[in-house]
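Chain by chain, the residues:
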Amino acid sequence: MASVSIEGVSKVFAGNVEAVRDLHLEIHDQEFLVLLGPSGCGKSTTLRLIAGLEEVTSGEIRIGDREVTHVAPKDRDIAMVFQNYALYPHMSVYKNMAFGLELRYGGNWFHRTWKRLTSPTEFAEVATKRRGIRDEVRQTAQVMEIEHLLDRMPRQLSGGERQRVALGRATVRHPAVFLFDEPLSNLDAKLRLEMRKELSKLHQRLETTMVYVTHDQTEAMTLGDRIVVMEGGEVRQIGTSMEVYDQPATKFVAGFIGSPPMNFVSGKLTRADDGMRFVSPGLEVSIPEEKEKQFTSGSDEVLLGIRPEDMTVQKHSTVQDHPNETLNFGDISLVEPLGDSTLLYVEIAGGSSQPKNGEITLISKADPRTKFEQGDRVALDIASEHLHLFDPESGQNLTMRG
Amino acid sequence: MKRDRATPLAHTVVVASAIIFAVPIIWMVLSSLKPGTQLTEDPYSLLPVRWQWSNYPDAISSMPYLRYLRNTLVLCIGSVIGSVLSCSVAAYAFARIRWRGRNILFGIVIATMLLPWHVTMIPRFLLLRELGLYNTLAALIVPTFLGDAFFIFLLRQFFLTIPEELSEAGRLDGLSEWGIFSRIIIPLSKPALTTVALFQFIASWNDFNGPLLYLSDPQKFPLAYGLEQFISSYADQTNLLLAAATLFTLPIVLLFLLAQRTFLEGIATTGLKG
C-alpha cells in the first residue's frame with residue numbers, strides 16, 4: 001500500500017520522440033487512477049515509467065516514501081498486468097504464479113547453493129519462505145477462483161481464464177501498486193463487462209493503489225476514482241468521472257469523453273443589455289448569467305460546446321405557438337436508433353426564415369419513443385446552463401468553475 | 001474446382017521428384033547387399049541375385065569403422081554444442097538488447113554468409129595451426145563456438161517473434177537479462193534450437209573438406225573422410241563401399257525422422273493472445 005508521485009517526468013525516445021512531457025501526478029494511497037487518452041498520448045509510457053520498464057529522461061518517481069527513479073522493476077514493489085497477459089507459455093498456471101515468488105526467495109539453484117554455503121542461517125530462512133510458496137499460490141488461486149486451472153498450461157485456457165490467471169499472478173506477490181496496461185481490450189464485450197466488475201471488487205478487497213491505462217472511456221468512467229486525461233504526452237485534466245464529463249478543461253477532453261461526442265460550433269459572442277449571446281450562422285444561444293460571470297477571455301471568437309443529451313429536439317409544428325428565443329431550427333439528416341435512445345443528426349438551417357445552408361450538423365440524443373424521420377423540420381432547445389465555451393485557439397474551457 | 005484440378009498435377013510432380021531423389025538411395029541400399037561380382041557383371045540390375053548380408057560386417061571390419069564413427073560423433077556433438085551456445089547468445093544480443101552499432105554489426109555478420117568457404121580457408125588454416133590445433137579434432141569443433149552467420153540469423157528471427165511482454169514480465173518477476181534468456185527465451189525456442197542443432201549435426205556428419213584440410217592422422221579421421229580412404233584402397237569392392245555408405249547415411253535419416261516432430265512443431269507462443 002503506497003502512494004505514487006511523479007514529479008516533472010519526461011521521456012524522450014530515440015529519434016527525439018517526446019512521449020511524456022514534464023508530467024506531474026500524485027496518485028493517492030489505495031486510489032484507482034485511470035490514465036485515459038487516444039493511442040500515442042503517452043499513457044502507456046507513463047505506466048511503463050512507473051513500472052521501471054522504461055528509464056525516465058528527467059524527473060523523479062516516488063513510490064510510498066521511497067525514491068525509485070533508478071530502482072530496478074523487481075525492487076519497486078509493483079505488479080503489472082499486460083494487455084496480452086504475458087503468461088509464460090512454457091509454464092503451468094501454478095508455475096506462472098509461483099515464478100516471481102521463487103525468484104524473490106532465493107532465485108535459481110546456483111544462488112541458493114551459494115547462500116547455503118555462505119550463510120546457512122539466512123538460507124534456512126529463505127528455505128522456509130520457499131516452502132510457503134505453494135500455500136500462498138493456492139490461497140490466491142482460491143480467491144481468484146482459478147484453483148482448478150493450476151495444472152493447466154496457458155494455451156489450454158480461454159481468454160477470460162488467462163485474464164484471471166494474469167490477475168492472480170499479480171496478486172500473489174502482494175504488491176504496493178498494481179499497474180494495468182489495457183488489460184480488458186483483448187476480451188469480448190460481455191467478458192469485458194464481467195471483468196470490469198471483478199476489477200472493481202478486487203480493488204475494494206485488496207485496498208491497494210491501482211494505476212490503470214485504457215483508451216476506453218467507459219472503463220475509465222466506471223473504474224476510476226479519478227481519471228487522468230492525456231494528450232500528446234501531457235495531462236489535460238485530472239478529476240473524477242463526473243468532473244471530467246461535466247467540466248472538461250479543454251476542448252480535447254470534452255470531445256474525447258462522451259459518446260457520441262460533444263457538438264462544437266464556432267461563432268462570436270455579442271454583448272447587449274439583456275446579456276451575452278452566442279451567435280453563429282444558423283445558431284443563436286443566449287448565455288446564462290452564471291456562465292457569463294465565469295467567462296474569462298478577451299476575445300469574442302469562441303467555440304460553443306454542447307453535449308447531445310443537453311439538446312432537446314421538438315417537431316417544428318408543435319413549437320410554433322409559443323416561440324422561445326433559445327429555439328433554433330434545423331432539418332433531420334439522419335436518424336440512428338440505439339434502443340435506449342435515438343441519435344438525431346440535425347442540420348442547422350439558421351432560423352426558420354432563412355434557407356437552409358447545411359453547414360453545421362449537430363447530434364442530439366432523443367427519447368426513442370418520439371418518432372422522427374429524415375427530413376423532419378425540428379426546433380432545437382439548447383439547455384444553455386450546460387453549454388461550454390472554448391477558446392478556438394488553445395482549446396481552453398472559458399467557462400470553467402473555480 | 002481449381003483445387004481438384006491442381007491436386008493430381010501436384011501429386012504427379014511430387015511423386016516424380018520423390019522417385020528421382022529416392023532412386024540413388026534405393027540403388028545404394030540394394031547394391032550394398034549384392035555379391036561383388038554382380039556389380040561388375042551387371043551394374044544396372046536392381047535386385048541382388050543373392051542377398052549377401054555379410055557385406056556389412058565385412059565393410060565394418062575392413063576399415064576402422066567404429067573409430068571413424070567415434071571421431072564423427074565427437075565432432076558432431078562438439079560442434080552442435082558450440083553452435084547452439086554461441087549462436088543463441090549472439091542472436092539474443094541482436095534480437096533483444098539495444099546497443100550502439102547493433103544493426104551495422106548484424107549486417108556485417110550476415111555479409112559473411114556471402115564469403116565462400118575457400119576464401120577464408122587458408123587464413124583460417126594458418127590461424128588454427130598457429131594455435132596448435134592442426135591434426136586435432138578441436139580444429140573442427142572450436143570454430144563452431146564462434147558462431148555461424150546463418151544460424152545467428154535463423155535464431156534472431158525466431159527470437160523476434162517472441163513477445164517483448166514476456167521479457168518484461170520476467171523483468172518484473174526479478175529475472176536478470178541472463179535469466180530472461182535462459183529461463184524464458186531458450187525454453188520457448190526449442191523448435192528453432194532443434195533446427196540449428198540438426199543442421200549443424202548433419203553438416204558435421206557430412207563434412208569432408210574440413211577433415212581433409214586439418215587432419216592428417218588416420219586415427220582421427222571421421223566417417224566421411226574415412227569412407228573416401230576406403231574408396232581408394234578398396235576400389236574393386238563396390239558392394240562393401242556401398243554397405244559402408246549405407247551405414248554412413250542411416251543415422252542421419254533416423255535422426256531426421258526422430259527430430260522432425262520438434263523440427264516442424266509450431267511456434268509455442270499460444271497462451272499470449274486472448
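Here the structure is a predicted model, which is why all the values come from computation and not from measurement.

A. A look at the environment of Arg277(A). All names here are of chain A. Along the chain, the position of Arg-277 falls in strand 12 (residues 275–280). Separated by eleven residues in the primary sequence, Arg-277 and Pro-288 place their C-alpha atoms 8.7 Å from one another. Of note is the side chain of Arg-277, whose polar atom sits 2.9 Å from the side chain of Glu-284.

B. Representation of the packing of aromatic side chains in the model. Tallying each qualifying case throughout the model produces 20 aromatic pairs over all chains. Relative to Phe151(B), the ring of Phe150(B) lies with its centre 6.0 Å away and its plane at 50 degrees, an arrangement referred to as tilted. Here the aromatic cluster, defined as three or more aromatic residues joined through ring pairs, consists of Phe32(A), Phe178(A), Phe180(A) and Tyr212(A).

C. Main features of the sheet that holds strand 1 (residues 4–13) of chain A. Residues and elements named next belong to chain A. Strands sit in the order 2-1-4-5 across an open sheet of four strands; the sheet is antiparallel. Each edge of the open sheet is held by one strand with a lone partner, namely strand 2 (17–27) and strand 5 (66–67). Sheet topology note: the strand 4 (residues 58–63)/strand 5 ladder contains two bridges and is antiparallel. In the strand pairing of strand 5, Ile-63 is matched with Arg-66. Strand contacts of helix 1 (residues 43–51): strand 1, strand 2 and strand 4, with the helix running at about 115 degrees to strand 1, the strand carrying the most contacts.

D. Up close: the pairing of strand 17 (residues 342–348) of chain A. All names here are of chain A. Across the seven residues that make up strand 17, a large majority, six, are buried. Relative to strand 18 (residues 361–366), strand 17 is paired through six bridges, and the arrangement is antiparallel. Residue pairing across strands places Thr-342 opposite Ala-366, the latter belonging to strand 18.

E. Just the domain arrangement of chain A, in detail. Considered domain by domain, chain A is made up of domain 1 (4–246) and domain 2 (261–390). Distance between the C-alpha centres of domain 1 of chain A and domain 2 of chain A: 45 Å.

F. Layout of the interface of chain B and chain A. Listed by partner, the interface residues are 22 residues for chain B and 27 residues for chain A. Around 2300 Å² of area is buried between chain B and chain A when both sides are counted, 60% of it from carbon and sulfur atoms. Our count for the contact surface shared by chain B and chain A stands at two salt bridges. Between Asp173(B) and Arg173(A) there is a salt bridge whose closest N-O contact spans 3.3 Å. Counting the contacts that link chain B with chain A gives eight residue pairs in polar contact (both at pLDDT 80 or more).

G. Structural context of helix 2 (residues 93–104) of chain A. For helix 2 of chain A, a buried count of ten out of twelve residues is recorded, marking the element as mostly surrounded by other parts of the structure. Considered for burial, the residues of helix 2 of chain A that qualify are Val93(A), Tyr94(A), Asn96(A), Met97(A), Ala98(A), Phe99(A), Gly100(A), Leu101(A), Glu102(A) and Leu103(A). Lining the buried residues of helix 2 of chain A we find helix 4 (120–143) and helix 5 (159–171) of chain A together with helix 9 (164–173) and helix 10 (177–188) of chain B.

H. Representation of a nonpolar patch on the surface within the structure. On the surface, Leu73(B), Ile77(B), Ile81(B), Leu85(B), Phe145(B) and Leu146(B) cluster together to form a nonpolar patch covering roughly 580 Å² of accessible area. Inspection of the secondary structure assignment puts Leu146(B) in the loop between helix 7 (138–141) and helix 8 (149–161).

I. A look at the pattern of salt bridges. Scanning the model with the defined rule gives 21 salt bridges over all chains in all. Three or more residues are tied together by salt bridges with common partners; here these are Glu18(A), Arg21(A), Glu231(A), Glu234(A) and Arg236(A).

J. Region of interest: helix 4 of chain A. All names here are of chain A. For helix 4, with 24 residues, the first-to-last C-alpha span of 35 Å sits near the 34 Å given by 1.5 Å per residue. The principal kink in helix 4, of about 30 degrees, is found at Gly-132. Taken residue by residue, helix 4 has Phe-123, Val-126, Ala-127, Ile-133, Val-137, Thr-140 and Ala-141 as its buried positions. In this structure, the buried residues of helix 4 make contact with helix 2, helix 3 (109–118) and helix 5. Just past helix 4, the residue Glu-145 takes up positive phi, approximately 60 degrees.

The rules we used
- Residues numbered from 1 in each chain as written.
- Chains lettered and ligands numbered in written order.
- Predicted model: local features only at pLDDT ≥ 70, side-chain atom pairs only at ≥ 80, totals over all residues.
- Heavy atoms only, no water.
- Helix = DSSP H or I, 4+ residues; strand = E, 2+ residues; numbered from the N terminus.
- Polar contact = N/O pair within 3.5 Å; in protein donor to acceptor, adjacent residues only side chain to side chain.
- Phe/Tyr/Trp six-rings, centres within 6.5 Å; stacked < 30°, edge-to-face > 60°.
- Pairing = 2+ DSSP bridges.
- Contact = heavy atoms within 4.5 Å.
- Axes fitted to C-alpha atoms, helices over the stretch in contact; angles between N-to-C directions.
- Buried < 20%, exposed > 50% of the residue type's maximum accessible area, 1.4 Å probe, protein only.
- Domains from an automatic or database assignment.
- Buried area = accessible area lost by both parts, 1.4 Å probe.
- Salt bridge = Lys/Arg side-chain N within 4 Å of Asp/Glu carboxyl O.
- Patch = residues over 30% accessible without salt bridge, like charges linked within 9 Å, V, L, I, M, F, W, Y side chains within 5 Å.
- Areas by Shrake-Rupley, 256 points an atom, 1.4 Å probe, with all protein chains shown as cover.
- Expected span 1.5 Å × (residues − 1).
- Bend = angle between axes of the 7 residues up to and from the residue.

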